[in-house]
Amino acid sequence: MEAPPVTVMPVTGGAINMMEYLLQGSVLDQALESLLHRLRGLCDNMEPETFTDHELVYLLKGQQGNPFILRARRSLSHPTSPWHLRYLGQPEVGDKSRHALVRNCVDVAASQSLPEFLNEMGFRMDHEFVASGHIFRKGAMKVVVSKVSRILVPGNTENTERMSLSYLVELSILAPAGQDTVSEDMRSFAEQLKPLIHLEKIDPSKQRH
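Residues numbered from 1 in each chain as written. Predicted model: local features only at pLDDT ≥ 70, side-chain atom pairs only at ≥ 80, totals over all residues. Heavy atoms only, no water.

- An unreviewed UniProt entry annotates the protein as Mediator of RNA polymerase II transcription subunit 18 originating from Oryzias latipes.
- UniProt annotates the protein under Subcellular location (unreviewed entry) with the comment "Nucleus".
- Turning to the protein, the UniProt record has this under Sequence similarities (unreviewed entry): "Belongs to the Mediator complex subunit 18 family." (UniProt positions renumbered as here; feature names shortened; annotations may be inferred.)

Printed below as a string of C-alpha cells:
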C-alpha cells in the first residue's frame, strides 16, 4: 500500500493548517553520539528535549482512491498530556527546485478518548509504534533524532522491538503556505551535518509501510 513517508515527529504542540517542510535521513547507532555532539554545537538548546511517544495510524477506506490516513499520538513520558491528532497531506510535487519535501499539516490536541472516537467514525487502526529520542531547535527549525520500535502485542507499549540498528533523523519547519525560502535555510543547516548524516528530500512514492 502506498502511504506518505513515515514520520515520528513528537508531541510538542500543535499548529493548525500549516505547511510542513521536511528533510529526512538516518544514522547508525554507533554514530549517534557524534551526531548529538554536532547538534549541541549548532542548535539553540545545548541539552535536547527527550520524548517517548506512542503513535497509532488509522485508515478510512473510501469508495475509490487511497485511504484517508490520520495519526493519533500520545506521550508516554507525560501520560496526562493531551493526545494529538495529525493529518499529513500528499507532498506537493510542483516545484522541483525546492530543497525540502512540502506537505499540508494539520495538528490538533485531543482528549484521551481519541482512539474510541476514531473507531466510531469508521477508522481502522492499521499499525502502531513507539518512538523515543531527542529534540533540538534552531530558530524555527526542529531536529528530531528518534529510535522507532514496533509493538509486539497490540496496545502494550512495554513489549516492543527495535525496528533497525539506526536512528531516524528529521529536520522540519512548520510555516504558512508560500514560505519556500525556509527550505534554503534547511539545506544550509543540513550541509553543516555532513558527513555525519545526509538529510534528503525523500520521494514518498518510493516508500511503503
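Don't stop here, the text continues.
Overview of the pairing of strand β4 (residues 83-88)
Argument step 1. Most of β4 is tucked away: five of the six residues are buried.
Argument step 2. Where β4 meets strand β5 (residues 101-110), six bridges bridge the pair, whose relative direction is antiparallel. Paired with W83 across the bridge in β5 is A110. (Buried < 20%, exposed > 50% of the residue type's maximum accessible area, 1.4 Å probe, protein only. Helix = DSSP H or I, 4+ residues; strand = E, 2+ residues; numbered from the N terminus. Pairing = 2+ DSSP bridges.)

Focus: helix α3 (residues 182-192)
Argument step 1. Among the residues of α3, V182, S183, M186, F189 and A190 are the ones counted as buried. Seen end-on, α3 carries its buried residues on one side only, within an arc spanning 120 degrees.
Argument step 2. Contacts from the buried residues of α3 go to β1 (18-28), α1 (32-42), β6 (124-138), β7 (141-151) and β9 (166-175). (Arc of directions from axis to C-beta. Contact = heavy atoms within 4.5 Å.)

Observations concerning the nonpolar core
What tends to happen in soluble globular proteins is that the nonpolar side chains get buried as a cluster.
Argument step 1. Counting residues in each nonpolar core, the largest one holds 28 residues, and the members touching the most others are L39, V145 and F189.
Argument step 2. Sequence-distant contacts of F189, defined by excluding residues within four places in its chain, comprise L39, L42, C43, K138, M141, V143 and L171. (Core = buried A, V, L, I, M, F, W, Y, C linked by side-chain atoms within 4.5 Å.)

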